[in-house]
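A structural walkthrough
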Amino acid sequence: MSKQFTVQEVATHNKESDAWVIIDGEVFNVTDFAAMHPGGELLLLQYAGKDVTEEFYGLHRQEVLDKYRKKLKVGDIAGSTRKVLQSGGVVSKVPYAEPSFFQGFKSPYYTDSHAKFRTAVRKFYHEEIYDEAKSLETLEKVPPVELYQKLGAAGILAARLGPGAHMKGFPQLGGIDPANFDYFHELIAHQEHGRMGLPGIADGLGAGHVIGLPPIMNFGPAWMKEKVMPEVLRGDKRICLAITEPTAGSDVAGLLTSAKKTPDGKFFIVNGVKKWITNGVFADYFTTAVRTEKGISVLLIPRTEGVSTKLIRTSYSPAAGTSLVIFENVKVPVENLIGTEGHGFQVIMFNFNHERWAIVASVVSGARLVVEESLKWAHQRKVFGKRLIDQPVIRFKLANMIAQVEAVENWLENITFQMTKMSYKEQSAKLAGPIALLKLQSTRVAGYVADESCQILGGRAITKTGMGSVIESWQRSYKFGAILGGSEEIMADLGVRQLMKDFPNAKL
């Protein structure tokens, strides 16, 4: 039990040489820390001996207190209880901060197994991943292989690829039996990953394997499944998907990277350039779309002689490892062909539904986190003698943010349910249109949430550190979801074209 003090006792520690403060019932000795205070020594010392709970939470995030508690805390106020909700690593109690089932509502989709999984994954990210991830995001450094291995050992890398035989040997957090793992468990894994509020490092920690490994899972030869898949799922090796080129984005059929067979037919010689390849900077394997004499094909190219990568700086942190990938006379064994030569388009398209669904999961989770941040700020920030939440215009903004996020979340859950009841082939046939339209709507909602949250947090929303850091990173990076995996325009067109295929002979 910590040492107990009265408010009167703390009040005597009110000098430059002996400065204590009270924050939410906890007592901190800030005497030596004052000189290091980012806001200046005098600003902190003027509060010496006082309860500064309101002032602290008006200027600092809770994580600042968590960071310095062990070093500066000397005790507690006798008889006091913590009044500020501690939210790190636990399912939030803030209304609409979680999908409704996880806040006590009924659901036809989720079970106790999903609740245990979310609780365990949330705790794991908070205790094992977040601090290092935030440091990498800030320092603009790519993730070390050791961090990947930590995710691999926890089963997260396997979980983000959905249910299947690949889950065997990867015990899941929360004691979930891999045999009972379903798409809602995977949905949770994507959502918790995106909920870090660190978009660059979030993509740096596995965006490549989520889209680069499925072609091997579904079309790769036996040796590739036996060797490469375990390496990647353990986190020992990293993989990325290399399709986009400087002159070919959504127009996959227009790619120019060539793969010509050697006279003996044993190798492909690959030449070409890929651009905006997430995780390309540090990837060990490149699942690569090429053009052979038989048409579009897919090759697994290891990082070898003739392969070079260069960092591309984008709107979010370089921790994502976004890169230019250059292939110069790269010698690739024909055994590295994924699927059948000339049928690469099928390999590429087969996973697009899953990729887009995973992007939606991350986008909706991020938008919900921004709603939570905005709600917290509106309740603690005072302007003109009132809390922001007491202003009707702010409540109107929050109402629309909440309504739009809840709408896309419910659509996402419905589509996820369909995935649990359909074969992969049936999903490809029936869900391409709905998922495309959901991705369109989700990224539109993301933009609305970004805009309104910026207005609520003001200058803090355009400041990389401090109270608005989550909103700042969101408004700077939400467009990634609107472009990667297919632009909004392509999604809209695909969604309507898909319904045209089965349109009945209906007339007005």
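Residues numbered from 1 in each chain as written. Predicted model: local features only at pLDDT ≥ 70, side-chain atom pairs only at ≥ 80, totals over all residues. Heavy atoms only, no water.

**Description of the pairing of strand β7 (residues 258–261)**
Bridge analysis of β7 against strand β8 (residues 267–277) gives 4 bridges, and the strand direction is antiparallel. Across the sheet, the residue bridging to K261 is F268, located in β8. Hairpin connection of β7 to β8: 5 residues between the antiparallel strands, including G265 at a positive phi of 75°. (Pairing = 2+ DSSP bridges. Helix = DSSP H or I, 4+ residues; strand = E, 2+ residues; numbered from the N terminus.)

**Overview of the nonpolar core**
One recurring pattern in soluble globular proteins: nonpolar side chains tend to sit buried together. I129 and I216 are the most contacted members of the largest nonpolar core, which has 105 residues in total. Ranked by the residues each element gives to this core, the list is headed by helix α14 (residues 352–380), at 15 residues. Not counting residues up to four positions away in its chain, the partners in contact with I129 are F124, L147, K150, L151, M196 and L205. The next biggest cluster of nonpolar side chains, apart from the first, holds 17 residues, and it includes F268, V290, V330 and L337. (Core = buried A, V, L, I, M, F, W, Y, C linked by side-chain atoms within 4.5 Å. Buried < 20%, exposed > 50% of the residue type's maximum accessible area, 1.4 Å probe, protein only. Contact = heavy atoms within 4.5 Å.)

**A closer look at the packing of aromatic side chains**
Here the structure, examined in full by the defined rule, presents 17 aromatic pairs. Ring centres of F101 and Y110 lie 5.5 Å apart, and the angle between their planes is 25°; this geometry places the pair in the stacked category. Grouping residues by exposure puts F101 and Y110 together as buried. Seen from their ring centres, Y148 and F282 are 6.2 Å apart, and the 65° between their planes marks the pair as edge-to-face. Of this pair, Y148 sits in helix α6 (residues 145–153) while F282 sits in the loop between β8 and β9 (285–292); the two residues are 134 residues apart in sequence, bridging distant segments of the chain. Classification of F282 as buried rests on a relative accessible area of 10%. Taken together, the ring pairs connect F101, F102, Y109, Y110, F184 and F417 into an aromatic cluster. Over the ring of Y148 we find R238, and its NZ or CZ is 4.9 Å from the ring centre. The ring of F352 is capped by R356, whose NZ or CZ atom sits 4.3 Å from the centre of that ring. (Phe/Tyr/Trp six-rings, centres within 6.5 Å; stacked < 30°, edge-to-face > 60°. Lys NZ or Arg CZ within 6 Å of the ring centre and 35° of its normal.)

**Topic: empty space enclosed by the protein**
Scanning all chains against the criterion turns up 2 cavities of 30 Å³ or more. Roughly 100 Å³ of volume is contained in the largest cavity. Surrounding the largest cavity, 13 residues form its lining, P215, L241, I243, V347 and I348 being those nearest its centre. Elements represented by at least two residues in the lining of the largest cavity include exactly β9, α13 (344–350) and α14. By residue number, the principal contributor to the lining of the largest cavity is β9, which donates 3 residues. Of the residues contributing to the lining of the largest cavity, the split by class is 9 nonpolar, 3 polar and 1 charged. Lining the second largest cavity we find A97, E98, P99, R118, R122, Q191, E192, R195, S365, R368 and E409. Of all the secondary structure elements, the ones that give two or more residues to the lining of the second largest cavity are α5 (112–139), α8 (183–194) and α14. (1 Å grid on protein atoms, 1.4 Å probe; cavity = no way out; pocket = protein on both sides within 12 Å on 5 of 7 lines; lining within 4 Å. Points joined across faces, edges and corners; volume = space filled by probe spheres on them. Nonpolar A, V, L, I, M, F, W, Y, C, P; charged D, E, K, R; others polar.)

**Here's the deal with unusual backbone geometry**
It is generally the case that most residues other than glycine have a negative phi and that most peptide bonds are trans. Unlike most non-glycine residues, Y96 shows phi in positive territory, near 70°. With respect to the element layout, Y96 can be found in the loop between β5 (73–77) and α5. Here the phi dihedral of F384 falls at roughly 55°; this positive angle occurs in a residue that is not glycine. In this fold, F384 is placed in the loop between β14 (382–383) and β15 (386–387). The class of F384 is exposed, set by a relative accessible area of 80%.

**What to know about the side chain of E231**
Turning to its location among the elements, E231 is positioned in helix α12 (residues 222–234). Of the polar contacts made by the side chain of E231, one reaches the side chain of Y285; its length is 2.7 Å. Apart from residues lying up to four places away in sequence, E231 is in contact with D236, K237 and Y285. (Polar contact = N/O pair within 3.5 Å; in protein donor to acceptor, adjacent residues only side chain to side chain.)

**Some thoughts on the sheet that holds strand β1 (residues 4–5)**
The sheet built from 5 strands is open, its strands ordered β1-β5-β4-β3-β2 with mixed pairing. The open sheet has two edge strands, β1 and β2 (14–15), and neither has a second partner. Bridge count between β2 and strand β3 (residues 18–23): 2 bridges; the pairing is antiparallel. Bridge pairing links N14 to A19 in β3.

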